[in-house]
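Per-entry structural report
Below, each chain spelled out in residue letters.
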Amino acid sequence: MNTSPNKSPRADFRRWAGGILAHHSAGTAADAPREVFQTSTIGALLAGVYDGDVTIGELLEHGDFGLGTFNRLDGEMLVLDGVCYHLRADGSVRPAGDDELTPFAAVTHFVPDIRLTVTTPCYREALVKRIDQAITSENLLYAVRVTGEFSTVHTRTVMEQEPPYPPLTEAAAGQQETVLHDVLGTLAGYRTPAYEQGISVAGYHLHFIDDTRRHGGHALDFRMKHGTVAISAASEFHLSLPRTAEFLGSRLSQADADRQIRLAEGS
């Protein structure tokens, strides 16, 4: 056995694994590892940490696709094609300003790996089941973009909060709900592994915006007539934690986080 200082079983393994991955990816940009950049955690939102220190301008440096919310829990965020949309509880939709702040958001550079065509009407449950069957592993992160015509989309939008902030489950209880009918639009979000619950939202977390860019929100349910699904896999995850006094001083370990997330997300 070679015991020189420049060689070790771990180093040998890393070179071997790197060679396998390089061969598998063929070195193309589309196959290179992709990253999801996330600021703060869903657990922090559960605890009422609704003020972050990352601007929308800074967030967009890390990706052109994603979702989140805004400081003071002022509505929903959806990032499509490099544009960040601010979806508010009063029903308005507008591009967010670069200087607006977010307490929680996740973005990535969207490069489709898998494409599906939807030709027959289906509800949310059937569509996510089809996506689950198409992905290569349930342990990776997937950005999901669903574009088409919907017979119904049931959305909710959280309302701006005033300090002292209530926990997310209480804030979500006062959300504005809307049902859109016969609408063209896009669902955008993530399929996140179960082991990330509390850091992110495990399972499917999707926001909706219509083609007129006038209506949208967090998607609770939908029935799709027809359209397309594009899926972008990511194997890298960058978590950026806030340095605000509220985040640093919060108690973020919660034993019933899974139940609280499901209540807040309406699942």
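Residues numbered from 1 in each chain as written. Predicted model: local features only at pLDDT ≥ 70, side-chain atom pairs only at ≥ 80, totals over all residues. Heavy atoms only, no water.

Some details on the sheet that holds strand β5 (residues 83-87)
Here seven strands make up an open sheet; going across it, the order is β6-β5-β4-β3-β8-β1-β15 and the pairing mixed. Each edge of the open sheet is held by one strand with a lone partner, namely β6 (93-95) and β15 (236-240). Going across the sheet, the axis of each strand differs from the next one's by a mean of 20°, ignoring polarity. (Pairing = 2+ DSSP bridges. Helix = DSSP H or I, 4+ residues; strand = E, 2+ residues; numbered from the N terminus. Axes fitted to C-alpha atoms, helices over the stretch in contact; angles between N-to-C directions.)

Description of the confidence of the model for the protein chain
This prediction gives the protein chain a mean pLDDT of 89; 87% of its residues lie at or above 70. For the stretch residues 1-29, pLDDT sits under 50, and the model shows five contacts to residues farther than four places along the chain or on other chains. (pLDDT = per-residue confidence, 0-100. Contact = heavy atoms within 4.5 Å.)

Topic: unusual backbone geometry
Geometrically, the link from Pro163 to Pro164 is a cis peptide bond, its omega value of 0° lying close to zero. Structurally, Pro164 can be placed in the loop between β11 (141-157) and α5 (168-173).

Concerning the pattern of salt bridges
In total, this model carries 11 salt bridges according to the counting rule given. Between Glu76 and Arg156 there is a salt bridge, with the nearest N and O atoms lying 2.4 Å from each other. Of this pair, Glu76 sits in strand β4 (residues 76-80) while Arg156 is found in strand β11, placing the two residues 80 residues apart along the sequence. According to the relative accessible area criterion, Glu76 is buried, its value standing at 4%. For Asp132, the salt bridge identified is with Arg191, shortest N-O distance 2.7 Å. With Asp132 in helix α4 (residues 124-134) and Arg191 in strand β12 (residues 176-192), this pair connects stretches of sequence that are 59 residues apart. When its relative accessible area of 33% is taken as the criterion, Asp132 is described as partly exposed. Among the charged side chains, a network of salt bridges with common partners joins Arg72, Asp74, Arg88, Glu160 and Glu162. (Salt bridge = Lys/Arg side-chain N within 4 Å of Asp/Glu carboxyl O. Buried < 20%, exposed > 50% of the residue type's maximum accessible area, 1.4 Å probe, protein only.)

Quick notes on the pairing of strand β8 (residues 105-108)
Burial along β8 is two-sided: Ala105 and Val107 and Ala106 and Thr108, pointing in opposite directions, are all buried. Pairing of strand β1 (residues 35-39) with β8, which is carried by four bridges, proceeds in the antiparallel orientation. Directly across from Val36, in β8, lies its bridge partner Thr108. Both strand β3 (residues 65-69) and β8 contribute to a ladder of four bridges, which runs antiparallel. Of the residues in β8, the one forming a bridge with Phe65 is Thr108.

A closer look at α4
Turning to α4, its buried residues are Arg124, Leu127, Val128 and Ile131. All buried residues of α4 lie within an arc of 95° about the axis, which places them on one face of the element. In α4, the exposed residues that point more than 90 degrees away from the buried face are Glu125, Lys129 and Gln133. Buried residues belonging to α4 abut β9 (114-118), β10 (122-123), β11, β13 (203-210) and β14 (216-234). (Arc of directions from axis to C-beta.)

A short note on the environment of Asp53
Tracing the chain through its elements places Asp53 in the loop between α2 (42-46) and β2 (54-55). Residue Asp53 is classed as partly exposed on the basis of its relative accessible area, which comes to 35%. Taking the C-alpha atoms as reference points, Asp53 and Thr244, 191 residues apart in sequence, are found 6.8 Å from one another. Beyond its immediate sequence surroundings of up to four residues, Asp53 is in contact with Glu58, Leu101, Thr102, Pro242, Arg243 and Thr244. Polar side-chain contacts of Asp53 include one of 3.0 Å to the backbone nitrogen of Arg243. (Polar contact = N/O pair within 3.5 Å; in protein donor to acceptor, adjacent residues only side chain to side chain.)

With respect to the side chain of Thr192
Turning to its location among the elements, Thr192 is positioned in strand β12. With residues up to four places along the chain from it excluded, the contact list for Thr192 reads Leu141, Ser200, Val201, Ala202 and Gly203.

Concerning helix α7 (residues 257-265)
Residue pairs three or four apart in sequence face the same way in an α-helix, which turns once every 3.6 residues. Taken residue by residue, α7 has Ala257, Gln260, Ile261, Ala264 and Glu265 as its buried positions. Relative to the axis of α7, the buried residues are bounded by an arc of 125° and lie together on one face. Summarising the contacts, the buried residues of α7 are in contact with α2, β11, α5, β13 and β14. Of the residues trailing α7, Gly266 is marked for its positive phi of about 75°.

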